[in-house]
Amino acid sequence: MSESVGSIEVTVVIPCRDPDPVELAAQLDALAAQRTERAVEIIIDDNGSREPLAGRVPRLVGSVPVRVVESGAMDGVNIGRAAGIRAALADRVMICDADDIVDDTWLEAGARHLVDDVIVAGPRRMFFEQPGDAPEMEQTAPRMAHGRPWSSGSSLGLTTTVARMVGGFDESWPADMAADDVDFALRSADLGIELRFDPEMSNNYRLRGDLRSLLHQRRRYGRGEVRLADRHEPTVDRAARRR
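Nothing here was measured: the structure is a model prediction, and the numbers come from that model.

Asks: How do you make sense of the pattern of salt bridges when you look at a structure like this?
Replies: Pairing of side chains with opposite charge becomes possible as their charged atoms draw close. Under the definition given, this model contains 20 salt bridges. The partner of arginine 38 in a salt bridge is glutamate 9, and the shortest N-O contact between them spans 3.8 Å. With arginine 38 in the loop between helix 1 (21–32) and strand 2 (40–46) and glutamate 9 in the segment before strand 1 (10–16), this residue pair connects regions lying 29 residues apart in the sequence. The shortest N-O distance in the salt bridge between glutamate 23 and arginine 206 comes to 3.6 Å. Pair noted here: glutamate 23 is in helix 1 and arginine 206 is in strand 14 (residues 203–206), with a separation of 183 residues, a long-range link. By relative accessible area, which is 10% here, arginine 206 ends up buried.

Asks: Please clarify how the nonpolar core should be interpreted in this entry.
Replies: Soluble globular proteins: nonpolar side chains tend toward being buried together. Formed by 30 residues in total, the largest nonpolar core has its most connected members in Val12, Ile14, Leu31, Ile42, Ile44 and Trp106. Among the elements of the structure, strand 1, helix 1, strand 2, strand 4 (64–70), strand 5 (92–96), strand 6 (101–102) and helix 3 (106–111) are those that each provide at least two residues to this core. The contacts of isoleucine 42, once residues within four sequence positions are left out, are Val12, Ile14, Leu28, Leu31, Val64, Pro65, Val66 and Arg67. Listed in part, the 15 residues of the second largest apolar core include Ile119, Leu156, Phe169 and Phe184.

How each quantity is defined
- Residues numbered from 1 in each chain as written.
- Predicted model: local features only at pLDDT ≥ 70, side-chain atom pairs only at ≥ 80, totals over all residues.
- Heavy atoms only, no water.
- Salt bridge = Lys/Arg side-chain N within 4 Å of Asp/Glu carboxyl O.
- Helix = DSSP H or I, 4+ residues; strand = E, 2+ residues; numbered from the N terminus.
- Buried < 20%, exposed > 50% of the residue type's maximum accessible area, 1.4 Å probe, protein only.
- Core = buried A, V, L, I, M, F, W, Y, C linked by side-chain atoms within 4.5 Å.
- Contact = heavy atoms within 4.5 Å.

Written as structure tokens, this is what we have:
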């Protein structure tokens, strides 16, 4: 595992495009409230926002420095993740979304595993407006896809070494398809990279309640699953499944 630059021990990467300013502020507040003694930086990757984020987000959140990097006009969350990892000053990288709210144990729970070249994830609690308003919707373990474990890219820890070993997040993955994070997890599993799950690395995952957003999300899931199958399932398995 490579060394971090300077005194920064952990880099938090937030990929986003046209984030809701209230939701982004809530996530930044949650990151500023982390229970950790580690030196942390936050990178917000601006993936082609209509109004550039540089100059519109604080340079400090509490005592945590914030940097905005721009990954160009081409839309895609993997483009933002990859650009943030490349810009990281630390070898330990924690990735989260702009519209979620991480618990105050999230960063330390993930970072402590990254003395090893592994991937680490944790539970997701779903919510609509305020954390806790959907108490029965929680994911408490990694899920399986195409015979391998995976966990959401909305809450993930890894080292920059692992990112290089896997070949990074696929920046060609179309923005209108989900499962971009599943693809990364499956390629990691094929290399024998361990996915660890820490119950204290908990994240509150924001759901969209309106019908249009839900339908759009389901279409993205379906398109992403087709792409996953083409890439990760042997041809004979796909043919057999159609019979």
